[in-house]
There are 2 protein chains.
Amino acid sequence: MARTREFDREEALDRAMHVFWDKGYEATSLSDLLDAMGIARQSLYDTFGDKHALFLEALDRYETHRLDQLQSCLETAPSVTRAFRDMFEGLVDESEAVKRRGCMGVSAVVELAPHDPELARSIAARQRGLEALFFRALERAREKGELPPSKDTRALARFFVGALQGLRVAATADPKSAALRDMARVTLQVLE
Amino acid sequence: MARTREFDREEALDRAMHVFWDKGYEATSLSDLLDAMGIARQSLYDTFGDKHALFLEALDRYETHRLDQLQSCLETAPSVTRAFRDMFEGLVDESEAVKRRGCMGVSAVVELAPHDPELARSIAARQRGLEALFFRALERAREKGELPPSKDTRALARFFVGALQGLRVAATADPKSAALRDMARVTLQVLE
DNA sequence: TCCTTTCCAGACCATTTGGTCTAAAATAAG
DNA sequence: CTTATTTTAGACCAAATGGTCTGGAAAGGA
């Protein structure tokens, strides 16, 4: 009868996610991963496959969490426009360290998507998922009179996907910059 | 009397830039660089210092070219608003391969800025330079009546810096996506 | 031709790399 | 206690890594 799995798969994966988020894919070594995950080399290979497979799972976990957070924000905010405001201004208000660290999704896109078709497909699907989430929210906003009826909610949703990514890159580039707030402020003006 | 330098430093640097642009910093090996640059190992070390120093020069070259291109676009377009339109729609109209490849500046930010203070400073300065370029252009637009007088040109300039980066990431993530055009279209609406 | 300098072609270096393999230790049910 | 399975602790592997070093080849002015 099998020995029980001693380490927590999810916990290990979460730790791997943090290392990849912090350092990216190429700059993260197996040694980094094993140290952070607290497991042995063979366990990593048995449980996750290889480094690339682990990265894909870690990214999936990250993106799922992000989407859940954004969805939660959109559902609990007093209004949809307020939720968008919270999203963008919340990003600007993050600590300098968090801003510098950036977004694991953006990092994965930029570092790997040009040469990793599997990851590129996964990411494109995620991006469409985020767009769909924003689209539904903006449709609700329009129905409630929060948005002028003339607004193209599909286009707005897409715009916000790009804007979020742009703000994240700008924040990584210069976390202290006052420009970030202006970027957020002008971005949000499209809701008026 | 010294032997003349046989290889063209600028040409070699340009080729290095293309390799780094294509693969990023970590995923680019010395072997990759030497092959592309067409020089020997010792020449690279004598001429550029080391891999990191070469990367910084390559990035500088890239960013200088980009700024020149944007500046040229802003100066030669019939109007400033038209220049912004050309910038964003031009990006969307690029080939799929070019979109997938992305922006070397964004790649450098995301991959290296969190852990490379020297590069982070350089990039933050570049970002401010781009903002200044956009600001001057938008001021001209306002003076010419292309923009409503109430528009905060500083804020708009900052917004466009972020928007450009966001569109680049989105294009890398999903070059074929129709969403890119909507992102550009809504971004440009802030000029109205 | 000589001298000086640059460029090249590797050898060499220590270290790291992702991944495979083996055997011992640990765990838990029967 | 036995059995089956998982986990660990490395050893091992071939290859790659960024960088240093050496000596020969090449170039050009004096």
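Structure's up top.
Fair warning: this is a prediction, and the values are worked out from it, not measured in the lab.

1. Side note on the interface of chain B and chain A
Logical step 1: Contact residues are listed per partner, giving 42 residues for chain B and 42 residues for chain A.
Logical step 2: Of the roughly 3400 Å² buried between chain B and chain A, counting both surfaces, carbon and sulfur atoms make up 67%.
Logical step 3: Our count for the chain B to chain A interface comes out at six salt bridges.
Logical step 4: One salt bridge connects Arg158 of chain A with Asp182 of chain B, and the closest N-O pair in it is separated by 2.6 Å.
Logical step 5: Summed over the shared surface of chain B and chain A, the number is ten residue pairs in polar contact (both at pLDDT 80 or more).

2. Side note on the environment of Ile39 of chain B
Logical step 1: Considering the arrangement of structural elements, one finds Ile39 of chain B in the loop between helix H2 (30-37) and helix H3 (41-48).
Logical step 2: For the pair formed by Ile39 of chain B and Ala12 of chain B, sequence separation is 27 residues and the distance between their alpha carbons is 7.8 Å.

3. Description of helix H4 (residues 51-76) of chain A
Logical step 1: When the terminal C-alpha atoms of H4 of chain A are compared, their 37 Å separation across 26 residues agrees well with the 38 Å that a helix rising 1.5 Å per residue should span.
Logical step 2: Here H4 of chain A starts with a cap whose side-chain oxygen sits 3.3 Å from the backbone nitrogen of His52 of chain A, and that cap is Asp50 of chain A.

4. Some details on the packing of aromatic side chains
Logical step 1: A full pass over the atoms with the stated rule returns 18 aromatic pairs over all chains.
Logical step 2: Seen in terms of ring centroids, Trp21 of chain A and Tyr62 of chain A are 4.8 Å apart; in terms of plane orientation they differ by 75°. Their pairing is edge-to-face. Separated by 41 residues along the polypeptide, Trp21 of chain A in helix H1 (residues 9-23) and Tyr62 of chain A in helix H4 bring together distant segments of the chain.
Logical step 3: Residue Trp21 of chain A is classed as buried on the basis of its relative accessible area of 18%.
Logical step 4: These aromatic residues form a ring-pair network of at least three members: Phe84, Phe88, Phe134, Phe159 and Phe160 of chain A together with Phe84, Phe88, Phe134, Phe159 and Phe160 of chain B.
Logical step 5: One residue, Lys51 of chain A, lies across the ring of Tyr25 of chain A, its end atom 4.6 Å from the ring centre.
Logical step 6: Against the face of Phe135 of chain A rests Arg154 of chain A, its NZ or CZ located 4.0 Å from the ring centre.

5. Quick notes on H3 of chain B
Residue and element names in this part refer to chain B.
Logical step 1: Those residues of H3 lying buried are Leu44, Thr47 and Phe48. Down the axis of H3, the smallest arc covering the buried residues is 80°, so these residues share one side.
Logical step 2: For H3, the secondary structure elements touched by its buried residues are helix H1 (9-23), H2 and helix H4 (51-76).
Logical step 3: Taken from the residues just after H3, Gly49 is the one with a positive phi, measuring 105°.

6. Focus: the layout of surface pockets
Logical step 1: Empty space within the largest pocket amounts to approximately 350 Å³.
Logical step 2: Tyr62, Arg66, Gln69, Glu94 and Arg168 of chain B are, among the 18 residues lining the largest pocket, the residues nearest its centre.
Logical step 3: Where the lining of the largest pocket is concerned, the elements lending two or more residues are H1, H4, helix H5 (80-93) and helix H9 (153-173) of chain B.
Logical step 4: In terms of residue count, the dominant contributor to the lining of the largest pocket is H4 of chain B (six residues).
Logical step 5: Each residue belonging to the lining of the largest pocket can be placed in one class, and the counts come to nine nonpolar, four polar and five charged.
Logical step 6: For the second largest pocket, the calculated volume is near 260 Å³.
Logical step 7: Lys23 of chain A together with Val110, Glu111, Leu112 and Pro114 of chain B are, among the 25 residues lining the second largest pocket, the residues nearest its centre.
Logical step 8: Of all elements in the fold, only H1, helix H7 (104-112) and helix H9 (153-173) of chain A together with helix H7 (104-112) of chain B reach the threshold of two or more residues within the lining of the second largest pocket.
Logical step 9: Class assignment of the residues belonging to the lining of the second largest pocket gives a composition of ten nonpolar, six polar and nine charged.

Rules behind the numbers
- Going along each chain's sequence as written, the residues are numbered from 1 onward.
- Chains and ligands are labelled sequentially in the order written, the chains with letters from A and the ligands with numbers from 1.
- For a predicted model such as this one, the threshold for reporting local features is a pLDDT of at least 70, and the threshold for listing and counting side-chain atom pairs is 80 or more; totals across whole chains, interfaces and linings nevertheless cover every residue.
- Computation of side-chain values covers all heavy atoms of the structure but excludes hydrogens and water.
- Here, residues are in contact when the closest pair of their heavy atoms is within 4.5 Å.
- Summed over both partners, buried area is the accessible surface (1.4 Å probe) that two parts give up on being assembled.
- When a carboxyl oxygen of Asp or Glu lies within 4 Å of a side-chain nitrogen of Lys or Arg, that pair is called a salt bridge.
- The definition of a polar contact used here is a pair of N or O atoms within 3.5 Å, where within protein one atom must be able to donate a hydrogen and the other to accept one, and adjacent residues in sequence count solely through side-chain atom pairs.
- A helix here means a DSSP run of H or I that spans at least four residues, while a strand means a run of E at least two residues long, and both kinds are numbered starting from the N terminus.
- Helix span, as expected, comes to 1.5 Å for every residue beyond the first.
- Pairing of aromatic rings covers Phe, Tyr and the six-membered ring of Trp, with a centre-to-centre limit of 6.5 Å; geometry is then stacked below 30 degrees between planes, edge-to-face above 60, and tilted otherwise.
- Burial classification: accessible surface area is computed with a 1.4 Å probe over protein chains only, and a residue below 20% of its type maximum counts as buried, one above 50% as exposed, and the rest as partly exposed.
- Sitting over a ring, as applied to charges here, requires NZ of Lys or CZ of Arg to be within 6 Å of the ring centre and within 35 degrees of the ring normal.
- To be clear, the arc concerns the directions from the helix axis to the C-beta atoms.
- Lining residues are those with an atom within 4 Å of a point, where the points come from a 1 Å grid over the protein atoms alone and group into cavities, where a 1.4 Å probe fits but cannot get out, or pockets, open sets with protein on both sides within 12 Å along at least five of seven lines.
- Grid points are joined across faces, edges and corners, and a volume is the space filled by probe spheres set on the points.
- For this scheme, ten residues count as nonpolar: Ala, Val, Leu, Ile, Met, Phe, Trp, Tyr, Cys and Pro. Four count as charged, namely Asp, Glu, Lys and Arg, and the remainder, Gly too, count as polar.

Keep in mind that these numbers describe shape and distance, not what the molecule does.
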